[in-house]
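# Survey of secondary and tertiary structure
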Amino acid sequence: MVFHDCICFRLGKAVRKVSKAYRKEIAPYGLTHVQFFMMAAIMEADGLLPSELADKTAQDRATTTGLLHRLNRFTPKEWDQMQTFLARLEQ
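Residues numbered from 1 in each chain as written. Predicted model: local features only at pLDDT ≥ 70, side-chain atom pairs only at ≥ 80, totals over all residues. Heavy atoms only, no water.

### Section: the confidence of the model for the protein chain
For the protein chain, per-residue confidence averages 87 on the pLDDT scale, and residues scoring 70 or more make up 98% of the total. Ranking the elements of the protein chain by mean pLDDT puts helix α5 (residues 76–90) last, at 83, and helix α3 (residues 50–57) first, at 94. (pLDDT = per-residue confidence, 0-100. Helix = DSSP H or I, 4+ residues; strand = E, 2+ residues; numbered from the N terminus.)

Structure below.
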């Protein structure tokens, strides 16, 4: 088996490229990519319980609680800016 043909290597490389692209786009908002996806999940289905958000984002509950705690620091204006950004991504 040639190393560069290994599916695990190729998937890892693809994940790093996508993560890098997201980090570049969300950096102005002060978000990590995990926080970004949690925020997107919240905006998509407002009112979910933390356990439901954990399931939706494939995170464990402790991680979800920490993410929610950190997201509480954002102002309503910043949430509006992120919502505009998310809408732009959907186009």
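Let us keep going from here.
### Focus: helix α2 (residues 33–44)
With 12 residues, α2 should cover 16 Å at 1.5 Å per step; its first-to-last C-alpha distance of 16 Å lies within 8% of that length. When α2 is considered as a whole, its buried residues turn out to be Gln35, Phe36, Met38, Met39, Ala40, Ala41 and Ile42. In this structure, the buried side of α2 is in contact with α1 (7–26), α3, α4 (61–71) and α5. (Expected span 1.5 Å × (residues − 1). Buried < 20%, exposed > 50% of the residue type's maximum accessible area, 1.4 Å probe, protein only. Contact = heavy atoms within 4.5 Å.)

### Describing the nonpolar core
Counting residues in hydrophobic clusters, the biggest one holds 16 residues, and the most contacted among them are Leu31, Phe36, Met38 and Leu71. At the level of elements, α2, α4 and α5 are the ones that each hand at least two residues to this core. Those residues in contact with Leu31 that sit more than four places away from it in its chain are Ile26, Phe36, Met39, Leu71, Phe74 and Met82. (Core = buried A, V, L, I, M, F, W, Y, C linked by side-chain atoms within 4.5 Å.)

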